[in-house]
Number of protein chains: 2
Amino acid sequence: MNIGNAAEKASLPAKTIRYYEEIGLITPGRAENGYRDYSDNDVHRLRFLQRSRSLGFTIDECRLLLSLYDDKQRASADVKAMALEKVAEIERKIADLQSLRDTLSTLARHCHGDGRPDCPIIDDLAGEGVSA
Amino acid sequence: MNIGNAAEKASLPAKTIRYYEEIGLITPGRAENGYRDYSDNDVHRLRFLQRSRSLGFTIDECRLLLSLYDDKQRASADVKAMALEKVAEIERKIADLQSLRDTLSTLARHCHGDGRPDCPIIDDLAGEGVSA
DNA sequence: GATAGGGCTTCCAGTAACTGGAAGGTCAAG
DNA sequence: CTTGACCTTCCAGTTACTGGAAGCCCTATC
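It should be emphasised that the depicted structure is a prediction, and the values quoted were computed from it without experimental measurement.

As for the relation of the copies chain B and chain A
Right, so step 1: Rotating chain B by 180 degrees about the axis while translating it 0.0 Å along that axis superimposes it on chain A, leaving an RMSD of 0.1 Å. When the rotation and shift are considered jointly, the pair of chain copies conforms to a two-fold rotation axis. Among all residues of chain B, the one whose C-alpha sits closest to the rotation axis is Ile94(B), at a distance of 2.8 Å.
Right, so step 2: Interface overlap between copies is the fraction of interface residues in one copy that are interface residues in the other; for chain B against chain A it reaches 98%, indicating a shared surface.

Some details on the domain arrangement of chain A
Residue and element names in this part refer to chain A.
Right, so step 1: When cut into domains, chain A gives domain 1 (1–74) and domain 2 (75–132).
Right, so step 2: Computed from C-alpha atoms alone, the centre-to-centre distance between domain 1 and domain 2 is 35 Å.
Right, so step 3: Facing the ten residues of domain 1 at the interface are eight residues of domain 2.
Right, so step 4: For the pair domain 1 and domain 2, the summed buried surface comes to about 650 Å²; carbon and sulfur atoms form 73% of the total.
Right, so step 5: Broken down residue by residue, the surface that domain 1 buries against domain 2 is led by Phe57, Leu68 and Arg74, which jointly contribute 56%.
Right, so step 6: For the interface between domain 1 and domain 2, the tally reads one salt bridge.
Right, so step 7: Note that glutamate 61 and lysine 86 form a salt bridge whose closest N and O atoms lie 2.9 Å from each other.
Right, so step 8: Inspection of the region where domain 1 meets domain 2 yields two residue pairs in polar contact (both at pLDDT 80 or more).
Right, so step 9: Classifying every residue of the side of domain 1 that touches domain 2 gives five nonpolar, three polar and two charged.

Thresholds, definitions, all that
Residues numbered from 1 in each chain as written. Chains lettered and ligands numbered in written order. Predicted model: local features only at pLDDT ≥ 70, side-chain atom pairs only at ≥ 80, totals over all residues. Heavy atoms only, no water. Least-squares fit on C-alpha atoms with pLDDT ≥ 70 in both. Contact = heavy atoms within 4.5 Å. Domains from an automatic or database assignment. Buried area = accessible area lost by both parts, 1.4 Å probe. Salt bridge = Lys/Arg side-chain N within 4 Å of Asp/Glu carboxyl O. Polar contact = N/O pair within 3.5 Å; in protein donor to acceptor, adjacent residues only side chain to side chain. Nonpolar A, V, L, I, M, F, W, Y, C, P; charged D, E, K, R; others polar.

Here's what the structure looks like:
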């Protein structure tokens, strides 16, 4: 099947699929007219990629995941370890964002937000305002 | 003062400071030997940049914030609106990450994580596993 | 048979915000 | 006078695409 079709089935832009090919994540066949030709298995891989990317795995992690997917002998422990490490990473990011949000809301709460030039947010950024 | 000194005072790498100059966020003077020469006010701006970047504002937002900082007549409402929009954006990101984390932990919980090749995480990525 | 359109191809460039490294000038200490 | 730290510029690389140009392929319609 052509790239447009595969793109639709995998919920990925065609551009992205070509990019994945460029970096060696997938190698579809070619039709006689030079068009890429995707098998059902190719589409399967693309979906795998789409899903793992949307779960926050980097491209390199997806590469590893795909090789585990291809390896019928892989240990589930390897995959579980990656997933758990990813969970921890996501939780660190969440904590960072929460503290960011708290700081910013505190700042905003202290700002009267009218037409006057006086602004505690700017003052804080300038290093002389409320401590969040 | 030299860039190394300014970098230390602003808690920013010298490389980053040069980059900020390149994109027009700051324009220090030059000493006779060609070295950049930072005034106290320059350091102030750098700190402002450091803090607003660390609060999650993009460079373009920092540019705007700096212009509000420079503008003694600006309305605090403008700044407050930016801060609140940023808070909303951060909260969206947090929610996304939380759902990501939940999906991944569910997956990991269903994985026995031993030496056997059978792995629900891979199965899910392949589109045939547990629904998280 | 000409043409219009949509899809496909390749290649080049740009994004955000730096970061690393090479080649070389400047300065203070020993 | 040399060593080492610090400074300069410029170029390249990072992540994961995305946009666009130039041009081929295929089908349908007039």
